[in-house]
Amino acid sequence: KNGLQTDLIGNKIVYIKEVDSTNLYARKIALEGAEDGTVVIADAQTAGRGRLGRNWSSMAGKGIWMSVVLRPQISPEEVQIITLGASVAAIKAIYDVTGIRAGIKWPNDIICDGKKVCGILTEMNSEVEMVNFLILGIGINVNHTILDFPDEIKSIATSLAVYSGMNDKKNVKLFRRSDIIKKLLYELEQIYNKIKKGAVKDIIDEWKLYSATLGKQVRVIYKNDTYTGTALDIRDDGRLVVKCDDGCTRDVFSGEVSVRGI
Ligand code: BT5
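Nothing here was measured: the structure is a model prediction, and the numbers come from that model.

Our next topic: the overall build of the chain. On a plain count of helices and strands, the chain comes out with five helices and 12 strands. In terms of overall size, the chain behaves like a compact globule, its C-alpha atoms giving a radius of gyration of 18 Å where 262 residues would be expected to give roughly 18 Å. Overall, the C-alpha framework of the chain stretches about 50 × 50 × 30 Å when taken along its three principal axes. Scored against the burial criterion, the 262 residues of the chain give a buried share of 42%. Sequence separation of 24 or more characterises 63% of the internal contacts of the chain that already satisfy a separation of 6 or more.

Not every one of the 28 residues close to the ligand is listed here, only the nearest: S21, G50, G119, G137 and G139. Among the elements of the structure, α1 (22-31), β3 (63-70), β6 (115-126) and β7 (131-141) are those that each provide at least two residues to the shell around the ligand. Of the residues contributing to the shell around the ligand, the split by class is 10 nonpolar, 14 polar and four charged.

A separate point is the domain arrangement of the chain. Here the chain is partitioned into domain 1 (13-210) and domain 2 (217-261). A separation of 23 Å is found between the C-alpha centroids of domain 1 and domain 2. Contacts between domain 1 and domain 2 engage 12 residues on the former and eight residues on the latter. Breaking the side of domain 1 that touches domain 2 down by element, the ones donating at least two residues are α2 (80-98) and α5 (200-210). Counting residues per element, the side of domain 1 that touches domain 2 draws most heavily on α5, which supplies five residues.

Taken residue by residue, the chain gives an average pLDDT of 91. The fraction at 70 or more is 93%. Overall fold confidence (pTM) sits at 0.93, and the ipTM for the predicted complex is 0.99.

A rise of 1.5 Å per residue sets the reference length of α2, with its 19 residues, at 27 Å; its end C-alpha atoms lie 27 Å apart and thus fit the reference within 8%. Among the 19 residues in α2, 16 count as buried, and that is most of the element. Following α2 by one or two positions, G99 has its phi on the positive side, about 75°.

Now for the environment of A212. In this fold, A212 is placed in the loop between α5 and β8 (217-222). Considered as a pair, A212 and D246 are 34 residues apart in the sequence and their alpha carbons are 23 Å apart. Look past the residues within four positions of A212 in its chain and what remains in contact with it is G103, I104, K105 and I111.

Another aspect to go through is the nonpolar core. By size, the foremost hydrophobic cluster in this structure holds 66 residues, and its most contacted members are A86, A90, V117, I138, I180 and L188. Element by element, the count of residues in this core is highest for α2, at 11 residues. Here this core spans two domains, since at least three of its residues come from each of domain 1 (13-210) and domain 2 (217-261). For L188, the contacting residues outside a window of four places in its chain are I9, V68, A86 and A89.

Quick look at the sheet that holds strand β4 (residues 103-105) now. If you trace the seven strands from one edge of the open sheet to the other, you get β1-β2-β3-β7-β6-β5-β4, paired in mixed fashion. This sheet does not close on itself; its edge strands, each paired only once, are β1 (13-19) and β4. Across the sheet, the axes of successive neighbouring strands diverge by a mean angle of 20°, strand direction being ignored. Pairing geometry for β1 and strand β2 (residues 39-45), over six bridges, is parallel. When the sheet's bridge partners are listed, I16 is paired in β2 with A42. On the sheet, α1 packs against β1, β2, β3, β6 and β7 and is oriented at approximately 25° with respect to β3.

Before going further, it helps to examine α5. By the burial criterion, the buried members of α5 are I203, E206 and W207. Within α5, the buried residues cover an arc of 105° as seen down the axis, which keeps them to one side. When the buried face of α5 is taken as reference, the exposed residues oriented beyond 90 degrees from it are K201, D205 and L209. In the core, the buried residues of α5 are packed alongside α2, β4, α4 (177-197) and β9 (225-234).

This part covers the pairing of strand β5 (residues 109-112). With burial as the criterion, each face of β5 is covered, one bearing D109 and I111 and the other bearing I110 and C112. Bridge analysis of β4 against β5 gives three bridges, and the strand direction is antiparallel. The residue of β5 that forms the bridge with G103 is I111. Counted between consecutive antiparallel strands, the loop separating β4 from β5 contains three residues. Of the pairings in the sheet, the one linking β5 to β6 comprises four bridges and is antiparallel in character. Each bridged residue has a counterpart across the sheet, and for I111 the counterpart in β6 is K116. Count of turn residues in the β5/β6 antiparallel hairpin: two residues, of which D113 carries a positive phi of about 55°.

Rules and cut-offs
Residues numbered from 1 in each chain as written. Predicted model: local features only at pLDDT ≥ 70, side-chain atom pairs only at ≥ 80, totals over all residues. Helix = DSSP H or I, 4+ residues; strand = E, 2+ residues; numbered from the N terminus. Rg over C-alpha atoms; globule rule 2.2 N^0.38 Å. Buried ≥ 20, exposed ≤ 12 C-beta atoms within 10 Å, placed from the backbone. Contact = placed C-beta atoms within 7 Å. Near = placed C-beta within 6 Å. Nonpolar A, V, L, I, M, F, W, Y, C, P; charged D, E, K, R; others polar. Domains from an automatic or database assignment. pLDDT = per-residue confidence, 0-100. Expected span 1.5 Å × (residues − 1). Core = buried A, V, L, I, M, F, W, Y, C linked by C-beta atoms within 7 Å. Pairing = 2+ DSSP bridges. Axes fitted to C-alpha atoms, helices over the stretch in contact; angles between N-to-C directions. Arc of directions from axis to C-beta.

The following block contains the structure:
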């Protein structure tokens with residue numbers, strides 16, 4: 001069974017050479033009935049998606065562009081825990097295969113040396129009260145050189161290869177994407193089982209261990225409103241608690257804001 005150490009996630013894997021977005025493709029097959037745990041992997045995306053209509057650069061052969069169809073019995077308010085859990089899974093898989101210790105910037109950025117190496121996009125399709133299915137999209141920059149990135153993200157993006165010293169031409173270090181994928185699917189399954197058992201607290205605690213946000217000064221941008229403060233904590237549903245400079249404490253939902261370190 002394709003060498004995976006999972007019972008559910010990756011039972012079915014769809015591999016596509018090139019697709020607009022694995023999240024869109026996964027959504028399409030989920031609507032057609034794709035099972036819980038179905039994985040879609042592409043070598044290249046021509047219209048990779050980020051949050052809030054942003055795009056995700058997904059060069060052929062350089063990274064992991066993957067989406068998972070999940071059908072958990074949870075309410076739409078609980079979906080954020082999936083994103084947080086997936087961040088933990090990605091951090092662990094990256095560490096296990098490459099030895100690189102990345103950090104998590106709330107809610108969905110995995111960073112190395114302050115630059116983004118991985119992004120997560122969770123999209124849901126919900127009935128009124130329960131989630132019908134959700135699509136967990138994960139993008140990891142693996143073997144890019146810094147020159148491979150489009151100009152507009154050269155200063156904010158990195159890859160596992162760049163981070164581990166690839167620019168030192170004598171010390172080229174590339175990673176096998178399939179090793180990372182295998183480990184990632186395994187870690188995702190552990191997290192998914194915890195979520196199904198309701199062990200959300202465990203996931204939050206683990207997330208906090210890897211957090212590059214808690215305790216830091218942040219700027220929260222919400223529509224036309226901007227405020228600054230200190231990121232204090234994270235609630236069980238994944239909201240970020242910010243102690244604002246005006247003295248108020250605010251809970252921040254991920255969908256609507258952009259949080260920057262300052
Ligand atoms: C994200 O959005 O970080 C979510 C990215 C999810 C990508 C995966 S790949 C598989 C699946 N299929 C999809 O279509 N998407 C998912 P956000 O937080 O909005 O960050 C987007 C911003 O990150 C962009 O506006 C750029 O500034 C920057 N960016 C774009 N491509 C990048 C890359 N490859 N590496 C680092 N930063 C990037």
